[in-house]
Amino acid sequence: ASKEKSGILDKLKTLGVVLRGLVMNPIVSMTILGIVANLVFQGNLPSLFTKFLNALGAAFTSMAPFTLGLSMAGKLGNIRGQVLKPILALVVTKSILTPILTHIMVNEMSLVFTGTTDPALSNFGFLYGTFPTALGVDSYASQYNVNPDLISAAIVICTVFSAPLMYVAANILTVLDMDRDDYLMNLMNFQYNVCIFSIIGVVLIALIFIISRRYLQMPHSLTMSLLFLSLQTAVGGIIWSSGVGSGSWTRYVEVIF
């Protein structure tokens, strides 16, 4: 009986430490304080507080990513082998599975509460799921010493991966409510932007291969051929997005590319 009682006391102590850590964490405590201030001032903070908090928020927006990048200095070389697997798993889960699960959950919750599904709300849930991980996760990992290096690397890679994913998802959701002319115009603009980024990426990789002369070796010579084909496709996409007429010579160049 004494052992069971001591075991229960240990669990309660552990629970108390965890709860105290959550309450004393600045992210949680400041969020609760903000809710209380919103209720006290009825949503209208004094101008003095507003100016101070806006400056503080702007500082956090710029300093938090800087601190995250600074914590990764000299550690990128360790991201390989077995360390890379959990990072890739976290990135795939956050960037690919989370948007899909959010879309499904919003649909199900809409059916439960309203009896119908709202496509706009579901699409917003999908787009919201593509947002990168909040930087506060790195603070939790550092505070509780839960693989801070791995979490920092995962957040950095996830943020880089989320940027094009958000752009693609936003454009896909935008064209769902467009007519034919607006759809074609948006598609041309989207393809133009994608082709520009593709050309930049292809040129950078090709320069690395040319400077290092790796394109003379297998299988890099095959990769160089694929880069040339990708460049050819991107140039053809740019010509198409310019909206050339059917009788123009650039139309024939577009078809060839």
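Refer to the structure presented above.
The rules behind these values
- Residues numbered from 1 in each chain as written.
- Predicted model: local features only at pLDDT ≥ 70, side-chain atom pairs only at ≥ 80, totals over all residues.
- Heavy atoms only, no water.
- Helix = DSSP H or I, 4+ residues; strand = E, 2+ residues; numbered from the N terminus.
- Buried < 20%, exposed > 50% of the residue type's maximum accessible area, 1.4 Å probe, protein only.
- Contact = heavy atoms within 4.5 Å.
- Areas by Shrake-Rupley, 256 points an atom, 1.4 Å probe, with all protein chains shown as cover.
- Axes fitted to C-alpha atoms, helices over the stretch in contact; angles between N-to-C directions.
- Parallel < 35°, antiparallel > 145°, perpendicular 65-115°, else oblique.
- Left-handed = near helix turned anticlockwise from the far one by under 90°.
- Nonpolar A, V, L, I, M, F, W, Y, C, P; charged D, E, K, R; others polar.
- Polar contact = N/O pair within 3.5 Å; in protein donor to acceptor, adjacent residues only side chain to side chain.
- Arc of directions from axis to C-beta.
- Expected span 1.5 Å × (residues − 1).
- Patch = residues over 30% accessible without salt bridge, like charges linked within 9 Å, V, L, I, M, F, W, Y side chains within 5 Å.
- Salt bridge = Lys/Arg side-chain N within 4 Å of Asp/Glu carboxyl O.
- Phe/Tyr/Trp six-rings, centres within 6.5 Å; stacked < 30°, edge-to-face > 60°.

S.K.: I keep staring at the overall build of the chain and nothing clicks. Help me out?
M.R.: A count of helical and extended segments in the chain gives 10 helices and 0 strands. Its helices and strands taken in sequence order, the chain reads α-α-α-α-α-α-α-α-α-α from the N to the C terminus. Classification of the 257 residues of the chain by burial places 19% in the buried group. Counting only contacts in the chain whose residues sit at least 6 apart along the sequence, the fraction spanning at least 24 positions is 59%. Put simply, the chain shows about 18,200 Å² of open surface, and 72% of that area lies on carbon and sulfur atoms.

S.K.: What am I meant to see in the packing of helix α8 (residues 180-212) against helix α9 (residues 220-241) here?
M.R.: When two helices pack together, their arrangement is captured by the angle between the axes and the distance separating the axes. Between α8 and α9, the least distance of the axes is 8 Å, while the angle of their chain directions is 155 degrees. Taken together, α8 and α9 sit at an angle that is classed as roughly antiparallel. With respect to the hand of their crossing, α8 and α9 are arranged in left-handed fashion. Its residues placed into classes, the contact of α8 with α9 shows 18 nonpolar, 7 polar and no charged.

S.K.: What's the story with the side chain of K94 in this structure? I'm lost.
M.R.: Along the chain, K94 turns up in helix α4 (residues 84-114). In this structure the side chain of K94 is engaged in a polar contact, spanning 2.6 Å, whose partner is the backbone oxygen of F131.

S.K.: Looking at this structure, I do not really get helix α5 (residues 119-129). What am I missing?
M.R.: Note: α-helices contain 3.6 residues per turn, so residues at a spacing of three or four share the same orientation. Of the positions making up α5, those classed as buried are S122, G125 and G129. Projected onto a plane normal to the axis of α5, the buried residues spread over an arc of 55 degrees and lie on a single side. Seen from the buried face of α5, the exposed residues on the opposite side, beyond 90 degrees, are P119, A120 and Y128. Buried residues along α5 sit in contact with α4.

S.K.: What is the right way to look at the packing of α4 against α5 in this model?
M.R.: At a closest axis distance of 7 Å, the pairing of α4 and α5 adopts a crossing angle of 155 degrees. Between α4 and α5, the crossing angle belongs to the class labelled roughly antiparallel. At the point where α4 passes α5, the crossing takes the right-handed sense. Between α4, through K94, T98, P99, I100, T102, H103, V106, N107 and S110, and α5, the contact on the second element is made entirely by L121, S122, N123, G125, F126 and G129. When grouped by side-chain class, the residues that make up the contact of α4 with α5 number 5 nonpolar, 9 polar and 1 charged.

S.K.: How should α8 be read in this particular structure?
M.R.: For α8, spanning 33 residues, the distance from its first C-alpha to its last is 47 Å, which sits close to the expected 48 Å at 1.5 Å a residue. For α8, the complete set of buried residues consists of N186, M188, F190, C195, V202, A206 and F209.

S.K.: How should a nonpolar patch on the surface be read in this particular structure?
M.R.: On the surface, a cluster of nonpolar side chains totalling about 940 Å² of accessible area is made up of I32, V36, V40, F41, L45, L48, F49, F52, L53 and L56. Where the nonpolar patch is concerned, the elements lending two or more residues are α2 (26-40) and α3 (47-71). Sorting elements by how many residues they give to the nonpolar patch places α3 first, with 5 residues. Relative to the helices and strands, I32 resides in helix α2.

S.K.: I tried to follow the environment of G201 on my own but got confused; where do I start?
M.R.: As for its position among the elements, G201 is in helix α8. Taking the relative accessible area as the measure of exposure, G201 reaches 27% and is therefore partly exposed. Taking the C-alpha atoms as reference points, G201 and S230, separated by 29 residues in sequence, lie 10.0 Å from one another.

S.K.: I keep staring at the packing of aromatic side chains and nothing clicks. Help me out?
M.R.: This structure, assessed with the given rule, holds 2 aromatic pairs. Within the aromatic cluster, the residues linked to one another by ring pairs are F124, Y128 and F131.

S.K.: Teacher, can you tell me more about the side chain of S110 here?
M.R.: Following the sequence through the fold, S110 ends up in helix α4. For S110, a relative accessible area of 8% gives the class buried.

S.K.: Mind showing me how you'd approach the environment of M105 here?
M.R.: Locating M105 in the fold gives a position in helix α4. Taking the C-alpha atoms as reference points, M105 and S122, 17 residues apart in sequence, are found 8.5 Å from one another.

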